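# Structural description and commentary
Given next are the chains, with one letter for each unit.
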Amino acid sequence: MKKLALILTLLASCSAFAQGDIEAGKAKSAMCGACHGADGNSLIVQNPKLAGQHATYLEKQIKEFKLGATSGGKQGRVDAVMGGMVMALTEQDIVDIAAYFASNTISDNSTTEESMKLGEKLYRAGDIKRGLPACSACHGVRGNGTELSGFPKISGQHADYVKVQLEKFRNGTRTNDMNMMMQDVAAKLTDSEISALSHYVGGLH
C-alpha cells in the first residue's frame, strides 16, 4: 500500500508539471524579471537563477513564500519581498511560471580555483567522522538534483545566493527543507566550508 501511495503521489506531481503552460508563464513572469532576469538568469548575485530549475521545486518555493506571508511567518518560507510578490498568484499562475523558468537554460558559471580542494572534498565525499553526508548524494555528481525527489538543481547557481541560503539553514531562519536535511547538514559546516561549497557548485554543470 505504501508503494502504491508513493507511485500515486509521483504521478500527481508529474501531472501538475504537465499542466504548466510555458507561454502563459512567460507572460505572467514579467514581474519576476527585475530581480531574476527575464529568462530566469539573474544578473544580481544575491538573487537566485531560476532558469533550468525543476518546475516542481519552483512551485514548492513559490507556494511556501505565499504561506510564509499568509501565516505571519509561522509556516512556509519567510521573505518580505517574495511574500508580497507571490501573494496574488493563483495555483495556475504558479504552475505556469514554474514551467516557463524550468524550460529555459541556466547561464554558465564557474568554480573558483580556491574552492576546489575543500569544496570538492565536501561535495563528493562529505566528512564521515562528523556525520556530514556528501552533497552529491542528494544533488547528484553534477549538481542537477532530481525532479521527483524534490532535490533542486544547484549547479550554475550564484555563490552569493548559495552562501546565504546555507547560512539561513544553519541559523534556523530558513526551515522549509525536506525532513530538516539541509538544516542538519548546514549546522555542521564552518564559515570557510560554506564559502568553499558555495563557490564550488557554480561550475558543476
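Look up a bit, the structure's there.
Here's what I pulled together on the structure shown here.

Rules of the game
Residues numbered from 1 in each chain as written. Predicted model: local features only at pLDDT ≥ 70, side-chain atom pairs only at ≥ 80, totals over all residues. Heavy atoms only, no water. Helix = DSSP H or I, 4+ residues; strand = E, 2+ residues; numbered from the N terminus. Rg over C-alpha atoms; globule rule 2.2 N^0.38 Å. Buried < 20%, exposed > 50% of the residue type's maximum accessible area, 1.4 Å probe, protein only. Contact = heavy atoms within 4.5 Å. Areas by Shrake-Rupley, 256 points an atom, 1.4 Å probe, with all protein chains shown as cover. Lys, Arg positive; Asp, Glu negative; His and termini not counted. Charge placed at Lys NZ, Arg CZ, Asp CG, Glu CD. Core = buried A, V, L, I, M, F, W, Y, C linked by side-chain atoms within 4.5 Å. Phe/Tyr/Trp six-rings, centres within 6.5 Å; stacked < 30°, edge-to-face > 60°. Patch = residues over 30% accessible without salt bridge, like charges linked within 9 Å, V, L, I, M, F, W, Y side chains within 5 Å. Salt bridge = Lys/Arg side-chain N within 4 Å of Asp/Glu carboxyl O. Axes fitted to C-alpha atoms, helices over the stretch in contact; angles between N-to-C directions. Parallel < 35°, antiparallel > 145°, perpendicular 65-115°, else oblique. Left-handed = near helix turned anticlockwise from the far one by under 90°. Nonpolar A, V, L, I, M, F, W, Y, C, P; charged D, E, K, R; others polar.

### A closer look at the overall build of the protein chain
The helix and strand tally for the protein chain stands at 11 helices and 0 strands. The secondary structure elements of the protein chain, listed N-terminal to C-terminal, are α-α-α-α-α-α-α-α-α-α-α. Here the C-alpha radius of gyration of the protein chain, 17 Å, is about what a compact globule of 205 residues would show, namely 17 Å. On the principal axes, the C-alpha backbone points of the protein chain span a range of 45 × 45 × 35 Å. By the burial criterion, 41% of the 205 residues in the protein chain qualify as buried. If you take every contact in the protein chain between residues at least 6 apart in sequence, the share linking residues at least 24 apart comes to 67%. Just so you have it, the protein chain exposes about 11,000 Å², and 62% of that area is on carbon and sulfur atoms. Each charge class in the protein chain was averaged separately, 22 positive and 21 negative side chains, and the resulting centres sit 6 Å apart.

### Considering the nonpolar core
Ranked by internal contacts, the top residues of the largest apolar core, which has 14 residues, are Tyr123, Leu132, Leu189, Leu197, Val201 and Leu204. Those elements that provide at least two residues to this core are helix H7 (116-125), helix H9 (159-171) and helix H11 (191-200). Here this core gets 3 residues from one element, more than from any other, and that element is H11. The residues contacting Leu197, other than those within four sequence positions of it, are Gly119, Leu122, Tyr123, Cys135 and Leu189. The next biggest cluster of nonpolar side chains, apart from the first, holds 13 residues, and it includes Ala55, Leu89, Ile94 and Phe101.

### Quick notes on the environment of Tyr57
With respect to the helices and strands, Tyr57 occurs in helix H4 (residues 55-70). Here Tyr57 falls in the buried class, since its relative accessible area comes to 17%. When the C-alpha positions of Tyr57 and Ser136 are compared, they lie 18 Å apart, and in sequence the two are 79 residues distant. If we skip the residues at most four places from it in the chain, Tyr57 touches Gly150, Pro152 and Arg174.

### A closer look at the side chain of His139
Tracing the chain through its elements places His139 in helix H8 (residues 136-139). In this structure His139 comes out as buried when scored by relative accessible area, which is 10%. Discounting chain neighbours no more than four positions away, the residues touching His139 are Tyr123, Asn144, Gly145, Phe151, Pro152, Ile154 and Met182.

### Quick look at the side chain of Glu64
Structurally, the position occupied by Glu64 is in helix H4. Owing to a relative accessible area of 17%, Glu64 belongs among the buried residues under this scheme. Once residues within four sequence positions are removed from consideration, Glu64 is found in contact with Gly76, Arg77 and Asn176.

### Considerations on the packing of aromatic side chains
Considering all chains together, one arrives at 2 aromatic pairs under this definition. Residues Tyr100 and Phe101 carry aromatic rings whose centres are separated by 5.2 Å and whose planes lie at 50° to one another, so their mutual orientation is tilted. In terms of burial, Tyr100 and Phe101 fall into one category: buried. Judged by centre distance (5.7 Å) and plane angle (50°), the rings of Tyr123 and Tyr200 are tilted. Of this pair, Tyr123 sits in helix H7 while Tyr200 sits in helix H11; the two residues are 77 residues apart in sequence, bridging distant segments of the chain. Exposure remark for Tyr200: the relative accessible area of 3% places this residue in the buried category.

### Overview of a nonpolar patch on the surface
Side chains of Met31, Val81 and Met85 sit close together on the surface and give an oily, nonpolar patch of about 250 Å² of accessible area. Mapped onto the elements of the fold, Met31 is located in the loop between helix H2 (22-28) and helix H3 (33-36). Owing to a relative accessible area of 34%, Met31 belongs among the partly exposed residues under this scheme.

### Some thoughts on the packing of H9 against H11
Two numbers describe how H9 lies on H11: the axes approach to 8 Å, and their chain directions differ by 140°. By the angle class used here, H9 and H11 are oblique. You can see that H9 and H11 cross each other, and the crossing is right-handed. Residues Ala159, Val162, Lys163, Leu166, Glu167 and Arg170 of H9 form the contact with H11, whose own contacting residues are Asp191, Ile194, Ser198 and His199. Tallied by class, the residues present in the contact of H9 with H11 amount to 4 nonpolar, 2 polar and 4 charged.

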